[in-house]
Amino acid sequence: MLKGCTSNLDEYLQKKGSYTVKSININGSYSDICPTPFAEGLVFISDRNKSGSKKMTSSSTNKAFYQPYFAKGSSITFEEAMPFETASASSYHAGPVSFTSDGKMMAITRSNNVKGKATRDSKGFVRLQIFTSVLGDKGWGMEVSLPFNSQDYSCMHPSLSTDGKTLYFSSDMPGGAGGIDIWKSTWDGSNWTAPVNLGNNVNSVGDDVFPSISESNILYYSSNGLPGLGSLDVYMSEMQGANWSMAMN
């Protein structure tokens, strides 16, 4: 892998300046991650503590659990971020989230818990699961657990296609190429189908995480198992018929 990094270094540096990165005004001393556009604003995940709530901290980070927040605005200027209200409240990790293009269906990652108490697997880990929710007149409806969720592995980082019929996500379920792979499931009209691995053009022997599918079926994601400049670079792969193109940094 080191050889791959150094051999491509000149090519990467030639692209320097192709993009301009600007900080938006709601960033702070917290970890603010996984932004997604929603309702004239932005939903993102943060370990900032909810104002006025009892502070719950993660034993692995000693910081507040990740929760979704919403900030109205655009470009780099947003109003004050407030907790994003969902159908289920949890004192444990919640997010990332993804929405269909019409904003009427949401998929969200949550720590596995029963009646508000964390549920651990045989190795003592709290696994992650994905739930879907539909927006109604009174807010987000009851969250529904996906049929392939498990207490033995994690399903996380959902990304819904614009029509809501395909769900891309990361999981360390059996059958993958590495530690965490990217998978997809389709809506058959009544349920989500058994997950399909996206294959070796996308997945690596490492961890492939945080998928995001565009309207033109280009998949963006992060990986620590492909040649790059950092621990989790951003890669892209394009759907070409039934196959995916080789991942590109």
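**Student:** What is the right way to look at the overall build of the protein in this model?
**Tutor:** Each helix and strand in the protein was counted, giving two helices and 20 strands. Considering only intrachain contacts with a sequence separation of at least 6, the fraction spanning at least 24 residues in the protein is 42%. Carbon together with sulfur atoms contributes 51% to the accessible area of the protein, which is approximately 14100 Å² in total.

**Student:** It is not clear to me how the side chain of Ser154 should be interpreted in this structure. Could you clarify?
**Tutor:** Checked against the element boundaries, Ser154 lands in the loop between strand S12 (144-145) and strand S13 (155-160). A polar side-chain atom of Ser154 sits 3.0 Å from the main-chain amide nitrogen of Leu128. Apart from residues no more than four positions distant in its own chain, Ser154 is found in contact with Arg127, Leu128, Ser170, Ser171 and Asp172.

**Student:** It is not clear to me how unusual backbone geometry should be interpreted in this structure. Could you clarify?
**Tutor:** Note on backbone geometry: most residues besides glycine have negative phi, and most peptide bonds are trans. The omega angle of the peptide bond from Gly95 to Pro96 is 10 degrees, so this bond is cis rather than trans. Structurally, Pro96 is set in strand S6 (residues 94-99). Even without a glycine there, the phi angle at Ser75 is positive, about 55 degrees. Along the chain, the position of Ser75 falls in the loop between strand S3 (67-74) and strand S4 (77-78).

**Student:** What am I meant to see in the nonpolar core here?
**Tutor:** The nonpolar side chains of a soluble globular protein tend to be buried, and buried together. Judged by nonpolar contacts, the single largest core of 13 residues is most densely connected at Ile130, Phe148, Cys155, Leu167, Phe169 and Trp192. Mapped onto this core, the elements with two or more residues apiece are strand S7 (105-111), S13 and strand S14 (166-171). Setting aside residues up to four positions removed in sequence, Cys155 forms contacts with Thr109, Leu128, Gln129, Ile130, Phe148, Asn149, Phe169, Ser170, Ser171 and Met173.

**Student:** Looking at this structure, how should I read the pairing of S14?
**Tutor:** Moving residue by residue along a regular strand, the side chains alternate between the two faces of the sheet. Among the six residues of S14, six are classified as buried, and the element is accordingly described as predominantly covered. Neither face of S14 is exposed, since Thr166, Tyr168 and Ser170 on one face and Leu167, Phe169 and Ser171 on the opposite face are all buried. As defined by bridge partners, S13 adjoins S14 across four bridges and the pair is classed as antiparallel. Paired with Cys155 across the bridge in S14 is Ser171. Where S13 hands over to S14, the hairpin turn is made up of five residues, of which Gly164 adopts a positive phi near 75 degrees. In terms of strand pairing, S14 meets strand S15 (residues 181-186) through six bridges, oriented antiparallel. Paired with Phe169 across the strands is Trp183, a residue of S15.

Procedures and definitions
- Residues numbered from 1 in each chain as written.
- Predicted model: local features only at pLDDT ≥ 70, side-chain atom pairs only at ≥ 80, totals over all residues.
- Heavy atoms only, no water.
- Helix = DSSP H or I, 4+ residues; strand = E, 2+ residues; numbered from the N terminus.
- Contact = heavy atoms within 4.5 Å.
- Areas by Shrake-Rupley, 256 points an atom, 1.4 Å probe, with all protein chains shown as cover.
- Polar contact = N/O pair within 3.5 Å; in protein donor to acceptor, adjacent residues only side chain to side chain.
- Core = buried A, V, L, I, M, F, W, Y, C linked by side-chain atoms within 4.5 Å.
- Buried < 20%, exposed > 50% of the residue type's maximum accessible area, 1.4 Å probe, protein only.
- Pairing = 2+ DSSP bridges.

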